[in-house]
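Letter by letter, the chains look like this.
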Amino acid sequence: MAENNIRCATRADVARRAGVSVTVVSYVLNNNRYVDKEKRERVLRAVKELHYTPNNIARALKGKNSQHIIFIVDSTTNERFGRLMGEMDKVAYQKGSVVSLCANRNDPEFVRQVIARRFDGIVISSISIPDEYIRNFVDAGIPVTLLLSKEYPRLEGVAKIDTGLYQGARECVRYFYGQGRRHIVYMDRVSAHDHFSDMTDNRYRGFVHEMEACGLLAEGQIITGCKNEEQARGKLAEYLRTHPVDAILGRNDYTACLAIKELLRAGRRIPEDAAVIGYDNSSVCRLITPTLTSMKMQEEEIARAAVEMLYQMQTTSEVPKTRHFEAQMVVRRSTDPTAPED
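Residues numbered from 1 in each chain as written. Predicted model: local features only at pLDDT ≥ 70, side-chain atom pairs only at ≥ 80, totals over all residues. Heavy atoms only, no water.

Q: An account of the pattern of salt bridges is needed here, citing residue identities and associated values.
A: Oppositely charged side chains can form a pair if their charged atoms are brought close together. Counted by the stated rule, this structure contains 22 salt bridges. For the salt bridge of arginine 80 with aspartate 280, the shortest nitrogen-to-oxygen distance reads 2.9 Å. With a gap of 200 residues between them, arginine 80 in helix α5 (residues 79-94) and aspartate 280 in the loop between β9 (275-279) and α12 (284-287) connect regions that are remote in the sequence. When sorted by exposure, arginine 80 lands in the same class as aspartate 280, which is buried. One salt bridge connects glutamate 151 with arginine 205, and the closest N-O pair in it is separated by 3.5 Å. (Salt bridge = Lys/Arg side-chain N within 4 Å of Asp/Glu carboxyl O. Helix = DSSP H or I, 4+ residues; strand = E, 2+ residues; numbered from the N terminus. Buried < 20%, exposed > 50% of the residue type's maximum accessible area, 1.4 Å probe, protein only.)

Q: Before we move on, can you summarise the sheet that holds β9 with the specific residues and values?
A: The strand order across the open sheet built from 6 strands is β7-β6-β8-β9-β10-β12, with neighbouring strands paired in mixed fashion. Each of the sheet's edge strands pairs with one partner strand only, and the pair in question is β7 (222-223) and β12 (328-330). (Pairing = 2+ DSSP bridges.)

Q: So what about the side chain of asparagine 252? Which residues, and what values?
A: In this structure, asparagine 252 sits in the loop between β8 (247-250) and α11 (253-265). Assessed through its relative accessible area of 16%, asparagine 252 is described here as buried. Among all residues touching asparagine 252, those that are not within four sequence positions of it are Arg189, Gly278, Tyr279 and Asp280. (Contact = heavy atoms within 4.5 Å.)

Q: I'd like a rundown of the sheet that holds strand β1 (residues 68-73), residues and numbers included.
A: Spatially, β2-β1-β3-β4-β5-β11 is the arrangement adopted by the 6 strands of the open sheet, whose pairing is parallel. Each edge of the sheet is formed by a strand with only one pairing partner; in this case those strands are β2 (98-103) and β11 (323-324). Bridging between strand β5 (residues 159-162) and β11 involves 2 bridges; their strand directions are parallel. Note on β11: the bridge partner recorded for aspartate 162 is histidine 324. The strands that helix α7 (residues 131-139) touches are β1, β3 (121-125) and β4 (144-147); relative to β4, the one it contacts most, it runs at about 150°. Contacting β1, β3, β4, β5 and β11, helix α13 (residues 299-316) crosses the sheet at an angle of about 155° to β4. (Axes fitted to C-alpha atoms, helices over the stretch in contact; angles between N-to-C directions.)

Q: Before we move on, could you go through the packing of helix α1 (residues 11-18) against helix α3 (residues 37-49) and cite the residues and values that matter?
A: Remark: α1 packs on α3, axes separated minimally by 8 Å, with the N-to-C direction vectors making an angle of 120°. In terms of orientation, α1 and α3 fall into the oblique class. Relative to α3, the crossing made by α1 is right-handed. Mapping the contact onto sequence places Val14, Arg17 and Ala18 in α1 and Arg42, Val43, Ala46, Val47 and Glu49 in α3. Looking at the contact of α1 with α3 residue by residue, the classes come out as 5 nonpolar, no polar and 3 charged. (Parallel < 35°, antiparallel > 145°, perpendicular 65-115°, else oblique. Left-handed = near helix turned anticlockwise from the far one by under 90°. Nonpolar A, V, L, I, M, F, W, Y, C, P; charged D, E, K, R; others polar.)

Here you go:
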């Protein structure tokens, strides 16, 4: 089992474990000098035991920048992350750097690998990555910018960007309330790995707080704990059979589309009987019938801020103040039958 203490082993550590000099370790790793078999085997065994990862970026060892930023997310197939990645890449390219998109592996070895590669900075948008791992990046001297999918109350030394998720969720509830809707349901994310929302999640918390403010929160109004699409639709179908529902907020566009399908299957008219709002403004919003109202992040501005905050930390060693952006509602026919088609 991998150790929880994540400190990247050095060649000196390998040399001590193998009982040889650092020079001999270098010869073995670079395979450019003869080393007798017994010593070579000791070195390779020490490398494996210490989880040593050679740093492939020699520039970083010489005190130079790697000109490489990594963007860590929960899923590389998420369309919103792809758009953010594209915007960040534009900004980084202007500064002579590149950006790589990477899914969070959520284990200590992944953290070691990231630290060993000496990235100039890390941007994180992940609800599943533990605070401890982010602290490891900071302790390794790597600038980190967090896109706040959730709250990190005890995490210091990182730049933070409020992307508008909390404010946007509250705005959705107010929008429904303004339409006279009082039976509002929240559809949480579907996760095969049990990464479900709680009150640290900004969208979830925004929904709960605004429902409380409107005097509407009741037991069972949050559909969560679903590992797959079938479970999500089944839980919603059961709720529709036993409770009045006139509005549904999806944590993302995918769950909102599941809600639309189940409402139509139950014979409900959208939006006359029940309105639906998603989150992320992905391409599916324009393809489903009725078209889906969704909350859109200010992706270009957020991406620029994320990269610029990393460079500020590189050059000044100071953590910038938190930046705040508001999500914007794109109204379509799932909430307004008079809205124009895209």
